[in-house]
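# Structural description and commentary
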Amino acid sequence: MKTYLSEIFSSIQGEGPYVGERHLFVRFCECHRACIYCDTITERTETVLIEMEPGSGKFEQIPNPLAIDQVMELVRKIDGKKTNKRISLTGGAPLLQANYLQELLPQLCGDDHNIYLETAGDLPQQLKTIIEWIDVVAMDIKLSSVTREKNTFPAHWQFLKTCRDFDVEVFTKLVLSAETHEGELMEAVKGIKKAGGADTLVVIQPMSKARKTDAVPSGAQLLRWQDKVSGVLPNVRVIPQTHKMLEML
Ligand SMILES: Nc1nc2[nH]cc(C(=O)O)c2c(=O)[nH]1
Ligand code: SF4
Ligand SMILES: [Mg+2]
């Protein structure tokens, strides 16, 4: 089996509650969504860019698609000394490649890697097929007032409930822009409470300026939303994308 990857690199996790940890990022091509703030190329690429020496800005290119053995060999080469605390599967949408992950993840776990899944959080059926190998799920709850797409709350609730049913560590991430509709935000938070429980961690991630939008939220908006959200779910943190401040991958 083969898959299309866009990048493999080691960096400092820049998002969420594990911010600051060293992670090995494996980025999958292709996505079923089109968030207006997307900062990633989501098309299939001809080659995968591999930063063999972290932070060097120098990339080896290997033609896509990649077989499982090729990915395992690359991971062993880059992370031979196990300097990375976790392997972050990101995209694009890694869950679109669930069949591939069913073969790759047992091998990565066999090498004792901790698996962190970065996901749009809306493909519950695909999640079920690989959840046994996942250690941490970083799931988005997409607001249509922010993404400019149609609402997908029911899929998010099923997804979050699946994480809870399988007892897998999960946190929710709400990317908020200046255009966030407060009613939609509060509906999302109530949905999170119902599907995930009152102890579910909510990370508010202020949208970063992107190619198609510069509607970054103000400090006053973030403070207001943190107050409102914490009225429903007490465990809420505002964490910006720190790797962008550092101009790192
Ligand atoms: N440093 C760093 N941290 C990240 N956390 C989530 C990322 C992503 O693109 O999914 C990301 C990324 O691209 N780089
Ligand atoms: S889900 Fe992620 S990768 Fe896909 S379009 Fe949205 S921001 Fe981009
Ligand atoms: Mg990113």
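Presented here is an overview of the structure given in this document. (Residues numbered from 1 in each chain as written. Chains lettered and ligands numbered in written order. Predicted model: local features only at pLDDT ≥ 70, side-chain atom pairs only at ≥ 80, totals over all residues. Heavy atoms only, no water.)

## Things to note about the environment of I204
So the rule is basically this: Secondary structure follows DSSP: runs of H or I at least 4 residues long count as helices, runs of E at least 2 residues long count as strands, and numbering of each begins at the N terminus. Buried residues are those whose accessible area, probed at 1.4 Å on protein chains only, stays under 20% of the maximum for their type, while exposed residues exceed 50% and partly exposed ones sit between those limits. Contacts are assigned to residue pairs with any non-hydrogen atoms lying within 4.5 Å of each other.
Mapped onto the fold, I204 is located in strand β11 (residues 202-206). For I204, a relative accessible area of 0% corresponds to the buried category. In the structure, I204 is positioned 29 residues away from V175 in sequence and 6.0 Å away in space, judged by C-alpha atoms. The residues contacting I204, other than those within four sequence positions of it, are L174, L176, L222, W225, Q226, V229, V236, R237, V238 and I239.

## So, the site of ligand 2
Cut-off, in case you're wondering: One heavy atom within 4 Å of a molecule or strand is enough for the residue carrying it to be called near that molecule or strand. Polar here means any residue outside two lists: the nonpolar Ala, Val, Leu, Ile, Met, Phe, Trp, Tyr, Cys and Pro, and the charged Asp, Glu, Lys and Arg; Gly therefore counts as polar.
Around ligand 2 sit C31, R33, A34, C35, C38, T42, G92 and K142, and those are all the residues in its vicinity. The class makeup of the residues in the shell around ligand 2 is four nonpolar, two polar and two charged.

## Considerations on the state of the cysteines
The cut-off we apply is this: Disulfides are defined as cysteine sulfur pairs within 2.5 Å.
For the structure on display, the rule yields zero disulfides. A disulfide-free cysteine, C163 has its sulfur positioned 16 Å from the sulfur of C109, the nearest such atom.

## Things to note about the pairing of β11
Stated precisely, the cut-off is as follows: Between any two strands, pairing holds if DSSP finds at least two bridges. For crossovers, right-handed means that the path from the first strand over the helix to the second runs clockwise, given strands pointing away from the viewer.
The element β11 is extensively covered by neighbouring structure, given that five of its five residues are classed as buried. Side-chain alternation along β11 places V202, I204 and P206 on one buried face and V203 and Q205 on a second face that is also buried. In terms of strand pairing, strand β10 (residues 169-176) meets β11 through five bridges, oriented parallel. Note that in β11 the partner of K173 across the bridge is V203. Regarding the hand of the β-α-β motif, the stretch spanning β10, helix α6 (residues 182-196) and β11 is right-handed. Note on the crossover from β11 through helix α7 (residues 219-230) to strand β12 (residues 236-238): the handedness is right-handed.

## Here's the deal with the packing of aromatic side chains
The cut-off we apply is this: Stacked, tilted and edge-to-face are the three classes assigned to paired rings of Phe, Tyr and Trp, where Trp is represented by its six-membered ring and a pair needs centres within 6.5 Å; plane angles under 30 degrees give stacked, over 60 edge-to-face, the rest tilted.
Counted according to the given criterion, the structure contains four aromatic pairs. Of the aromatic side chains, those joined through ring pairs into one cluster are Y18, Y116 and F171.

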